[in-house]
Amino acid sequence: MGVKGLQYFMEVCCPDSCVPVDLKQMAGNHLKAHPDSTASLVVDAMACLRYWYRCPAWVHGGQWKEYINILQEFINAFTAAGIRLIFFFDGTVEERKRSEWIKRRLRVNQDIAKVFQHIKTHNQQPNSRNLFCLPSGLATFSRFALKSLGQETFCSVREGDYEVADYALSHNCMGILGQDTDFVIYNTVPYLSISKLHLNSMTTVLFSREKLCRVLQLHVHDLPLLSCLLGNDVVHEQQMQRLRNIALDSYRMKCKEVQGDRVYAAAEFINIHKPSWQTSPWVKRSVWSSEPTCAMSEFVAGDILEAAVEQHRRAESFFIYNVLYDGVVECSNTLEDEDEMELPPQAILYLPIRERIYGILLPTEPDGSGHTVSVKEWFVFPGNPLKEPTRVTPKPIRHLKGPLDLRSVWFKTDPEVKTIRTSTLLDIFDLYEFTEELKYFDSPLIAVICLVTYIAIQTRQLSLEDVDAYLSQAVCVRFKSFRETQQLRIPVVDPRAVQLGSVFVRGLTYLIAANSACGFPFPMDELMPWKCFDGLLFHSKYLQAHSGASTEELLEGNSSWTSLFQSVKELVLEVCRKHNSPVHSRPRRRQYRDVRPVEVDDEPGERRPQIHHPTRQDFRAPAHHQQDYRPRARHPKRGRYHLAPRWTYSQN
């Protein structure tokens, strides 16, 4: 991210530009200089996700309660230092950065393939930070997590770095906390490193653009040109290769080859040629303040668009702004096995859900000239080369008579409208006929029922054991603290369980998108993963269920948990039967001899979860379930996911 090679250059070749700072002292100095303001830091949240997610277990779908605790500790440290935090998330991908986005997504796909290969070879999570992937949906859920913790949280409506830089400058903030050298280039407040942050001492490194300019003999207003010569997310490195080679050859004729000469050569080129300088978007406030144009304005009322923008900016909704304003949505990588043939990629599995969400927000019928509106989707999954977006047309909701009155659903508050909101959301997940039965459950359990029944009906591949694993963990997690889930003992990692965990968590993102489209029939905080899912807990229940554990064992001997589980399971199985998708028992027992336990790296300040070394007794199934599990045959063309004929993802 940012300017190619500049971070390395500043740290290795220009160490004077990397200034150690005490944040508490920096806040005090800021208050002395500006007594009428507060000491505020703008946080580039997308750059902080890896720093925040320090949970040792990451492959199982996410340790969400533990993650919430980490965020709370982060906030507490700054609050104690007298520093106010303002968090910004990227709310859209600009088309001029699309090629760079695609390149990174395809690279992560390769990493995910290596992760699954490691799991299949070693029956454990990779223990190297070089082979690490953030849990699916982490960026999406982090914004809601921070809001639930009382933090000011915003989503950008255009390039996120511009909005961060603009907000920090216009609100007289003491700095920007992130990991992106674009903040060195922008003429804004000081840039502070998240990767160098030590919470215990509240110290980090300030990357000084002024000291960098002194070393390179440049002015601050020359830095955007330096960024272009070196390459960045917009001006690709290859575009400037010829000019950079000329500059480098010229520099090496006068100076011996030194570390960082690529940057020195570019700086010298700027000084020699003295180009007339035009104010650029990096430093021009009027460009930062410009509003994006709406691509769907002819299809959506103005007050609906205005509400969508405001909800998006305040990080209160998800997905809706991108559909209504840009007509373009994207979904990043998910932990999915490219060799898995039974379970479709989540992008294809949840396509009908997205079509129905689009059908709520946009016209489902052609206009007078025969034109049909469509949404462009950039969804990452194994086998999709991302050469072009897929155009998806809105589909009507099954039980809705005519278009939904969005004004009523979004703005009115009478009881009848509240009922319509709920029934519409349930209709999206094929649960309209079960509205009355669902009234007996709270929102987190309704979320679980929506997703488990949908996955079972759509794939027709969930076994009774899979359903038991999903539902038993959903019941148990309600009553466990983050310390209890942290201490769970998982003897092995199963690749199918990894994918099922990721599929469920990704499904929650579509559920909150549907909730946003339907006018929030359920409180958003009640639909979050820390209310209904824990990766390690799900994995342990999956292994138990497929090893023949009884219901009593799955529910840990708690009679009230067992009663709740039975009620939820009864409804889930009834829904599946009504949709001609009965769920059958298909245990997938494995031979666990000589299997090593899950191992994780100990990072500084991290607590290693307890490791359970399995014995034969751990996996002893009932007598009638003791035949060997035979894995399915591998697809002949290993390594690619073939969409036809089963998983269709039609393109217009």
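These numbers were taken from a predicted model, which means no experiment stands behind them.

Here's the deal with the environment of A513
Move 1: Structurally, A513 can be placed in helix α24 (residues 495-517).
Move 2: Measuring from C-alpha to C-alpha, the distance between A513 and I357 comes to 7.8 Å, with 156 residues separating the pair along the chain.
Move 3: In this view, A513 contacts F318, F319, I320 and I357; residues no more than four positions away in its chain are not counted.

Re the environment of V329
Move 1: Within the fold, V329 resides in strand β8 (residues 328-331).
Move 2: As for V329 and E377, which are separated by 48 residues in sequence, their C-alpha atoms are 5.1 Å apart.
Move 3: Excluding anything up to four places from it in sequence, V329 contacts F319, N322, V323, Y358, V375, K376, E377, W378 and F379.

Structural notes on the nonpolar core
Move 1: Of all hydrophobic cores here, the largest spans 166 residues; its most connected members are W52, F74, F78, L324, L361, W410 and F429.
Move 2: Among residues more than four places away in sequence, those in contact with F78 are L23, L41, I83, L85, L177, L197, L199 and M202.

Section: the state of the cysteines
Move 1: Considering all chains together, one arrives at zero disulfides under this definition.
Move 2: In this model C14 remains outside any disulfide bridge; the closest cysteine sulfur is found in C18, 7.0 Å from its own.

Some details on the sheet that holds β8
Move 1: Spatially, β8-β9-β10 is the arrangement adopted by the three strands of the open sheet, whose pairing is mixed. Only two strands of the sheet have a single neighbouring strand rather than two, namely β8 and β10 (390-392). Neighbour-to-neighbour, the strand axes of the sheet open up by a mean angle of 30°, direction not taken into account.
Move 2: Where strand β9 (residues 375-379) meets β10, three bridges bridge the pair, whose relative direction is antiparallel. Across the sheet, E377 pairs through a bridge with T390, a residue of β10.
Move 3: Sheet contacts for helix α17 (residues 351-361): β8, β9 and β10; angle to β9, the most-contacted strand, approximately 150°.

Things to note about the packing of aromatic side chains
Move 1: Inspection of the entire model under this criterion finds 28 aromatic pairs.
Move 2: Grouping aromatic residues by their ring pairs yields a cluster made of Y51, W52, F74, F78 and F87.
Move 3: A cation over a ring is seen here: R354 above F379, with NZ or CZ 4.1 Å from the ring centre.

What to know about the packing of α24 against helix α26 (residues 535-546)
Move 1: Contact geometry of α24 with α26 gives a least axis separation of 10 Å together with a crossing angle of 130°. In terms of their interaxial angle, α24 and α26 are classed as oblique. Taken as a pair, α24 and α26 cross one another with a handedness that is right-handed. On α26, the residues that touch R496, A497, V498, L500 and G501 of α24 are F538, H539, Y542 and H546.
Move 2: Residue composition of the contact of α24 with α26, grouped by class: five nonpolar, three polar and one charged.

Looking at the pairing of strand β5 (residues 175-178)
Move 1: Burial along β5 is two-sided: G175 and L177 facing one way and I176 and G178 facing the other are all buried.
Move 2: Both strand β2 (residues 40-44) and β5 contribute to a ladder of three bridges, which runs parallel. Residue pairing in the sheet places V43 in a bridge with L177 of β5.
Move 3: Examined bridge by bridge, β5 and strand β6 (residues 191-193) share three bridges and lie parallel to one another. Pairing of L177 across the sheet is with L192, part of β6.

Topic: the sheet that holds strand β1 (residues 18-22)
Move 1: Strand order in this open sheet of seven strands is β1-β7-β6-β5-β2-β3-β4, and the pairing throughout is mixed. Of all strands in the sheet, those bounded by a partner on one side alone are β1 and β4 (152-155). Between one strand and the next, the sheet's axes are offset by a mean angle of 30°, whatever the strand orientation.
Move 2: Sheet analysis places strand β3 (residues 84-89) next to β4, joined by four bridges and oriented parallel.

Here is what the cut-offs are and how they apply
- Each chain carries its own residue numbering, running from 1 in the direction its sequence is written.
- pLDDT decides what is reported in this predicted model: residues at 70 or higher carry local features, side-chain atom pairs at 80 or more are listed and counted, and totals for whole chains, interfaces and linings draw on all residues regardless.
- Where side-chain values are given, they derive from all heavy atoms of the structure, hydrogens and water being excluded.
- Segments assigned H or I by DSSP are reported as helices when at least four residues long, segments assigned E as strands when at least two residues long, and all are numbered from the N terminus.
- When checking whether two residues touch, look at their non-hydrogen atoms; a contact exists if any pair is within 4.5 Å.
- By nonpolar core we mean a set of buried residues, namely Ala, Val, Leu, Ile, Met, Phe, Trp, Tyr and Cys, connected to one another through side-chain atoms within 4.5 Å.
- Partly exposed describes any residue whose relative accessible area lies between the buried limit of under 20% and the exposed limit of over 50%, with all areas from a 1.4 Å probe on protein chains only and scaled to the type maximum.
- Disulfide: a pair of cysteine sulfur atoms within 2.5 Å of each other.
- For two strands to count as paired, DSSP must find a minimum of two bridges between them.
- Throughout, an axis means a line fitted to C-alpha atoms (over the contacting stretch in the case of helices), and angles, computed between N-to-C directions, take values from 0 to 180 degrees.
- Stacked, tilted and edge-to-face are the three classes applied to pairs of Phe, Tyr and Trp rings, where Trp contributes its six-membered ring and a pair requires centres within 6.5 Å; stacked means planes under 30 degrees apart, edge-to-face means over 60, and tilted covers the rest.
- Two conditions define a charge located above a ring, namely a distance within 6 Å from the ring centre to NZ of Lys or CZ of Arg, and an angle within 35 degrees of the ring normal.
- Any angle that is under 35 degrees is reported as roughly parallel, and any over 145 degrees as roughly antiparallel; angles of 65 to 115 degrees are reported as roughly perpendicular and all others as oblique.
- Each crossing is labelled by how the near helix is turned from the far one, with a counterclockwise turn of less than a right angle marking it left-handed and a clockwise turn marking it right-handed.
- The classification used treats Ala, Val, Leu, Ile, Met, Phe, Trp, Tyr, Cys and Pro as nonpolar, Asp, Glu, Lys and Arg as charged, and all other residues, Gly among them, as polar.

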